[in-house]
Amino acid sequence: MSVVTVQLGQCGNQVGRELFDVMCSDAEDAGRKTRSTAGWERFFRHTTQGDLEARAVLVDMEPKVINHSMSRAAKSGRWRYGETSHFSQKQGSGNNWANGYCVHGPGHRDAVEELVRREVEHCDMLAGFIPMMSVAGGTGSGVGTFVTQCLRDIYPSAFVLNHLTWPYGTGEVIVQNYNSVLTLAHLYQLSDAILVHENDIVHRICSQLLKIKQISFSDINRVIAHQLGGVLQPALTPDSCGAYSRNPLGELVGALACHPEYKLLSVSTIPQMASSSIAFSTFSWPALLKHLRQMLISNTKMEEGIDWQVRPPPASAGRTRTLTAGSFNTSLANLLILRGKDVYSAETGGFGDSAIYTSWLPPDEAFSLWKSPVPFNKYEKSATLVSNSQALLRPLDDMVRKAWNMFASRAYIHQYVKFGISEEDFLDSFTSLEQVISSYTQLQC
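Residues numbered from 1 in each chain as written. Predicted model: local features only at pLDDT ≥ 70, side-chain atom pairs only at ≥ 80, totals over all residues. Heavy atoms only, no water.

(A) Expanded view of the overall build of the chain. The secondary structure content of the chain amounts to 16 helices and 12 strands. Taken over C-alpha atoms, the radius of gyration comes to 21 Å for the chain, in line with the 22 Å a tight globule of 445 residues would show. Along the longest, intermediate and shortest principal axes, the C-alpha atoms of the chain span 60 × 55 × 45 Å. Relative to its 445 residues, the chain shows a buried fraction of 60%. Taking all contacts inside the chain whose residues are at least 6 apart in sequence as the whole, residues at least 24 apart take part in 80%. (Helix = DSSP H or I, 4+ residues; strand = E, 2+ residues; numbered from the N terminus. Rg over C-alpha atoms; globule rule 2.2 N^0.38 Å. Buried < 20%, exposed > 50% of the residue type's maximum accessible area, 1.4 Å probe, protein only. Contact = heavy atoms within 4.5 Å.)

Listed below in structure tokens is the structure:
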């Protein structure tokens, strides 16, 4: 089954291009025809000339980033975007969610829906959509939310997995917390699941693990793409009977988003290191999985700086909410994806420990394991953990608090009202996200 990616705004288009680059390169290097073919069929199609074209629609209100993405893809010589798979205008959304959602989205709905329809017609079977966007700006967040709503309306049976890039906590845009609140509150009603990458964490991975001195957005996007590739490349599931998964989004959502109150997913990948160091490193499954499990329970997204003092609470102990560093990260569900040499000998019982999970879901329903004997992206062994847990509780709580403080002082509200978003819309969004915060807090009960 095929997946159509919808790249929205500057961030969505840049991350999307890096993702297709990783997927194509990995499929070429995989060395196993069955896995490579499954990966290509999922995210690419062959043209009549034999070229690989990404199953993607590119949308932005300014043409520069789309033109650059299409040019870079074509110059790679391995794959490209379709010549008519993009839509852009000459004027952006001004970092205003309301401008994107209420003006640009509806104004260009027919054109974008037609591009998506054409892409869907190229699929023998449609698994679903991955809209990719930032939550900070106007086009990615506002138009992205509107387009997600259209996808849900037109393709109600298709799975929708939104990928969101969370802005730096120090601030990229003065109204980024407003845009984030409005985006998340609306997507929570539309998406089957929401996969989040935080720029602050990815930046630290670039600096501390990859040893990059001058970190660019391209560096950050490559890390995000590597982690997404570890999730989305074909793998063998317990029910696949030795064949690579046919419904990737459906199986991922089924494994992780089993309750409509819980849709926020985070990703951890191990190992991660500078490419020049990979050839001189050795990896063992016991060491990798020991580190990854501790990263999960201590809510650490990289090997460096793991808090080994954090332990699951005793079964007799009550759990109370804490948003401070060093607190235990309770999970609703986890999906562990192992790739590479000796993958079938890896012992993963530690991830099925009932102490990791909320008390009201049995561990055998909360933990899922996928495997592939094919190495990923030049790593002999690698593990990716997709977690529906309290990992995003603190940044979500901080974002809502900052947005509420601005709203209480009525800062910049007029810029949203003039495009059609009322104060009641803001209040509804705050109420929705407070419920999400409450739900994730109660995982500790």
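(B) Summary view of helix α5 (residues 109-121). End to end, α5 covers 18 Å across 13 residues, agreeing with the expected 18 Å (1.5 Å per residue, within 8%). Within α5, the full set of buried residues consists of Val-112, Glu-113, Leu-115, Val-116, Glu-119 and Val-120. Buried residues of α5, seen end-on, are gathered within an arc of 155° and therefore sit on one face of the element. More than 90 degrees from the buried face of α5, the exposed residues found are Asp-110 and Glu-121. (Expected span 1.5 Å × (residues − 1). Arc of directions from axis to C-beta.)

(C) Representation of the pairing of strand β9 (residues 264-270) within the structure. Buried residues dominate β9, accounting for seven of its seven residues. Alternating positions in β9 separate into two faces, Leu-264, Ser-266, Ser-268 and Ile-270 on one and Leu-265, Val-267 and Thr-269 on the other, with burial throughout. Sheet topology note: the strand β8 (residues 193-198)/β9 ladder contains two bridges and is parallel. Note that in β9 the partner of Ile-194 across the bridge is Leu-264. Inspection of the sheet shows β9 paired to strand β12 (residues 381-389) by five bridges, in the antiparallel sense. (Pairing = 2+ DSSP bridges.)

(D) Spotlight on the nonpolar core. Core analysis: the biggest nonpolar cluster contains 143 residues, and Leu-336 and Leu-396 have the highest contact counts within it. Per element, the largest residue contribution to this core is eight residues, and it comes from helix α7 (residues 176-190). In this view, Leu-336 contacts Leu-289, Leu-292, Thr-348, Phe-351, Phe-367, Ser-368, Leu-369, Trp-370, Ala-383, Thr-384 and Leu-385; residues no more than four positions away in its chain are not counted. (Core = buried A, V, L, I, M, F, W, Y, C linked by side-chain atoms within 4.5 Å.)

(E) Quick look at helix α1 (residues 9-29). Here α1 is 21 residues long and its end C-alpha atoms lie 30 Å apart, about the 30 Å a rise of 1.5 Å per residue gives. A large share of α1 lies buried, amounting to 17 of its 21 residues.

(F) Focus on the packing of aromatic side chains. One pass over the structure, following the stated rule, counts 19 aromatic pairs. With a centroid separation of 5.1 Å and 90° between ring planes, the pair formed by Trp-404 and Phe-430 is classed as edge-to-face. Residue Trp-404 is found in helix α14 (residues 393-408), and its partner Phe-430 is found in helix α16 (residues 423-441); the two are separated by 26 residues along the sequence. Within the aromatic cluster, the residues linked to one another by ring pairs are Tyr-178, Trp-404, Phe-407, Tyr-416, Phe-426 and Phe-430. Taking the ring centre of Tyr-188 as reference, the NZ or CZ of Lys-263 above it sits at 5.8 Å. In this structure, Arg-339 is placed above the aromatic ring of Phe-376, and the distance from its NZ or CZ to the ring centre is 5.9 Å. (Phe/Tyr/Trp six-rings, centres within 6.5 Å; stacked < 30°, edge-to-face > 60°. Lys NZ or Arg CZ within 6 Å of the ring centre and 35° of its normal.)

(G) Representation of the packing of α1 against helix α9 (residues 217-232) within the structure. Relative to each other, α1 and α9 sit at 55°, their axes nearing to 8 Å. Overall, the two elements α1 and α9 adopt an arrangement that is oblique. Here α1 runs over α9; the crossing is right-handed. Contacts between α1 and α9 involve Gln-14, Val-15, Glu-18, Leu-19, Val-22 and Met-23 from the first element and Ser-218, Asn-221, Arg-222, Ile-224, Ala-225, His-226, Leu-228, Gly-229 and Leu-232 from the second. When the residues that make up the contact of α1 with α9 are grouped by side-chain class, the tally is eight nonpolar, five polar and two charged. (Axes fitted to C-alpha atoms, helices over the stretch in contact; angles between N-to-C directions. Parallel < 35°, antiparallel > 145°, perpendicular 65-115°, else oblique. Left-handed = near helix turned anticlockwise from the far one by under 90°. Nonpolar A, V, L, I, M, F, W, Y, C, P; charged D, E, K, R; others polar.)

(H) How the structure looks around the environment of Gln-294. Within the secondary structure layout, Gln-294 lies in helix α12 (residues 285-297). The buried category is assigned to Gln-294, whose relative accessible area is 5%. It is 10.0 Å that separates the C-alpha atoms of Gln-294 and Phe-351, two residues lying 57 residues apart in sequence. If we ignore the near neighbours within four places in the chain, the residues touching Gln-294 are Ile-306, Asp-307, Trp-308, Val-310 and Arg-311. Of the polar contacts made by the side chain of Gln-294, one reaches the backbone oxygen of Asp-307; its length is 2.9 Å. (Polar contact = N/O pair within 3.5 Å; in protein donor to acceptor, adjacent residues only side chain to side chain.)

(I) Region of interest: unusual backbone geometry. Residue Pro-271 is bonded to the preceding Ile-270 through a cis peptide linkage, with omega at 0°. Phi angles above zero are rare outside glycine, and Asn-377 is one such case at about 50°. Positionally, Asn-377 belongs in the loop between β11 (367-372) and β12. Located in the positive-phi region is Lys-378, a residue other than glycine, with phi close to 75°. Mapped onto the elements of the fold, Lys-378 is located in the loop between β11 and β12.

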